[in-house]
Amino acid sequence: MSTALYQHFPIFAIMALFLGAFLIVLFGNIKPLRHAIALLAVTASLGFLIALVKPVMLNGEIIAYWMGARAPAGGYAIGIALEVDALSLFFGLLIATAVFVSCVYSIQYMRHDDNVSQYYTLFLMLAGGVMGLVLSGDLFNMFIMVEILTFAAVALTAFRNTVNGALEAAFKYLVVGCMGSTCILAGTIMLYAQAHTLNFAQLSAFIPGNMNTATVVAFALLYIGFSTKAFIVPFHPLAADAHGAAPASISVLISGVLTKSGIYGIIRLSYFLFQTMELGTMQFLLVFMGSVSMFVCVTMALAQHDFKRLLAFHSISQIGYVLTAVGLCTAMGISSGLYHAMNHTLFKGLLFLAAGAVLHETGTTDLGKLGGLSKKMPWTTALFLVGAFSISGIPPFNGFASKWMVYQSIYQKAVESGNIGFLFVTIIALVTSVLTLASFVKVSQSVFFGQLPKEYENVKEVPWGMRLAMGLFAVLCIVTGLFPNAVTTYLTQPAAAAVFNVANYINAMMGSGYAESVMGAAAPAAQAVTFVEVGVWQPVSWLLILIIALLAITIVAIAGQYDRVSEKAPAPAPVDGKYDLFFGGEQSVYSQVGGEDLFWGFKHNWRGYFSFMHELHSGIVNDYALWAVVALALTTLYMLIVF
Amino acid sequence: MIMFNYIASFFLIVLGFYTIVTKTNLVKTVIGLSIADYGVNLLIISIGFNPGGTAPIFTWGELNPASFFVDPIPQALTLTSIVIGACVTAMSLSLVMKLREQYGTIDTREIRRLRG
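Only a predicted model underlies this, so the values are computations on that prediction, with no experimental measurement involved.

A. Geometry of the packing of helix α13 (residues 307-326) of chain A against helix α14 (residues 331-362) of chain A. All names here are of chain A. As a packed pair, α13 and α14 sit with axes 8 Å apart at the nearest point and diverge in direction by 175°. As far as their axial angle goes, α14 and α13 are roughly antiparallel. Between α13, through F307, K308, L311, S315, Q318, I319, Y321, V322, A325 and V326, and α14, the contact on the second element is made entirely by G333, I334, S336, G337, H340, A341, H344, K348, L351, F352, A355 and V358. When its residues are assigned to classes, the contact of α13 with α14 shows 13 nonpolar, seven polar and two charged.

B. Spatial organisation of the nonpolar core. Residues and elements named next belong to chain A. Within the largest apolar cluster, 262 residues are counted, with the highest numbers of intra-cluster contacts made by L126, L350 and L353. The biggest single contributor to this core is helix α7 (residues 166-195), with 19 residues. Setting aside its immediate chain neighbours within four residues, L353 contacts Y105, A248, V252, A469, M470 and F473.

C. Here's a closer look at helix α15 (residues 378-392) of chain A. Residues and elements named next belong to chain A. Between its first and last C-alpha, α15 extends 21 Å over 15 residues, near the 21 Å set by a 1.5 Å rise per residue. Among the 15 residues in α15, eleven count as buried, and that is most of the element. Within α15, the full set of buried residues consists of T380, T381, L383, F384, V386, G387, A388, F389, S390, I391 and S392. As for α15, its buried residues are in contact with α13, α14, α16 (398-417), α17 (421-448) and α18 (464-482). In the stretch just after α15, G393 is the one whose phi turns positive, near 80°.

D. Structural view of the interface of chain B and chain A. In this assembly, 34 residues from chain B lie in contact with 37 residues from chain A. Residue assignment for the side of chain B that touches chain A shows that the elements contributing at least two residues are α1 (2-22), α2 (26-47) and α3 (72-103) of chain B. With twelve residues, the single largest contributor to the side of chain B that touches chain A is α3(B). When grouped by side-chain class, the residues that make up the side of chain B that touches chain A number 19 nonpolar, nine polar and six charged.

Rules and cut-offs
Residues numbered from 1 in each chain as written. Chains lettered and ligands numbered in written order. Predicted model: local features only at pLDDT ≥ 70, side-chain atom pairs only at ≥ 80, totals over all residues. Axes fitted to C-alpha atoms, helices over the stretch in contact; angles between N-to-C directions. Helix = DSSP H or I, 4+ residues; strand = E, 2+ residues; numbered from the N terminus. Parallel < 35°, antiparallel > 145°, perpendicular 65-115°, else oblique. Contact = placed C-beta atoms within 7 Å. Nonpolar A, V, L, I, M, F, W, Y, C, P; charged D, E, K, R; others polar. Core = buried A, V, L, I, M, F, W, Y, C linked by C-beta atoms within 7 Å. Buried ≥ 20, exposed ≤ 12 C-beta atoms within 10 Å, placed from the backbone. Expected span 1.5 Å × (residues − 1).

Shape is all these values report; function is a separate question.
Right, dumping it as structure tokens:
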């Protein structure tokens, strides 16, 4: 069997990272060598994947790579396989880019830490784990990769173990993450019991026609397992804790890469393995979880005092957009969801790196203590603003393009299916976007503008290596925002088309005609997916979106006016001079209009909700484990009812 | 009596999760993780079991169509899973030790600096 050279590239892309990790264990004590190995590994990995863009994305090939050339015999997959279709490659490219930029940033960001060689080993293990997960064509291999990335992420969360809460965050993450991994393993083995194979393509051919109670329970287990990796509600507190404690370069990976691996897993499960997304009930599950994640996390973010913790909640809120769009089961929905996933990696990475730059120079991420840094760190401020504009969806930047596509696809779904519920989802998405903007106004005000506190008079700009990394993300944010058509044509649309061509995926791996022979008439036909311009230029839909937005504002306004007089608590005693009737002098010069002082009216009106949410996120690991168990029980029950 | 194995394995998984949810001692949380892991291992082994089958160890000459043995794949999976379980235990216990040093307690109700 002759194979073209590029068919070996997926395994090279994975091995480059793992090999780098092992070489750093050996030679990591020599500083220049360590950096060279790490940079070489991530660059090689990125390069191999970029070389695959032409055959996979443009020519629509699917690379099926059997380890040791053990091709399937007698209709059974007996080897371990890698399978790279456009969807895998899309996520792989995202991951490789984020890992590359994060590695560039790490070199100067981590230089004051101890044991940096262990840091790079774990860093490359984490990157290799995620890369292996998205390129794998084998369910058990996916589990192994999930474990590798969970372990590396936990260890890296606790890497700066003197940081307040780092160990605590790592432990909570380990407990709930391992519950998720246990679920994935149990689900995997239950599928094996039914189908006697672990190969993804063969499972995809076998399972949909043979659904029974065991496979449904396995689906629920796998779904919850990958949800813990994507940190969607109810697993969001773990993300917040881990982001707050981990070094900023790792936050980039946790937010940009780990969550994507969870989303990738959910897409693979629901579109390929079980092929259940045609059902309205499954669409409801994904869209509902997405909308809840969107809204809950953005409101949690509004109440945060810590820069990175706030960003972490926003990160999950944006993942809610991705999950919602993916759950629509339309070509446009998936295309927009993937586009937003890509943009999320870029702008969230940029924001976390900016937070890391602030931490690097000032030693704190407490929003109450910071202020006025724009005078001292102009580059960081400018780059942060690019990220903030992107995430809030301001037009020239990438967040606008993808969010707009997400709104449009939800709206189109509402029109097509005649389901009024999707209009509410559109409203939630719009309100979330407004709240995101509000919260980034708060962050820019309390970190970069306003008064500079006395103790930060001597703060300097971060070194060029860190600025370079942030600049890379910022350039990508602007480029992907300016050329949305190129991005959708070359990246997200091939990936979305791959999602709808399950038969191709199966046949590429198991030999042509396999899907038809196993699944019979039920085999999904290879279809050409068309991407109609969803009325971007139709004035009527603009008008309707405007009406929806006005409706949303009206609801919020009415909700705000409703004020129960009897519950009005007495105003808390002012602690700062700025709340007094008269105040001046030096105190006023250094007084900062803090993040807390913005939107106080909104927060006051919603105080019931905010204090309820604050109580709910108790920080006790038992509670988070309980949420996981409840989520598992409810999902299992729901799936048993609907199938 | 393979049914009994399945019931026992799910009982172990549920017992492990129950331990994690209810026990406030961090060491017991770690034990809960291990119990759930053992439950899954038992499940894997039970799935691969064929009544009357021999161990799946053959040389090329011995293997013939009449050979009757238990499914070797789940056994390989169990080995992997056991190794991962040991890593989970080691890593979480080391975190517990560090937490004890920093917080002076291993009670989950007091290890909650990060919340809200």
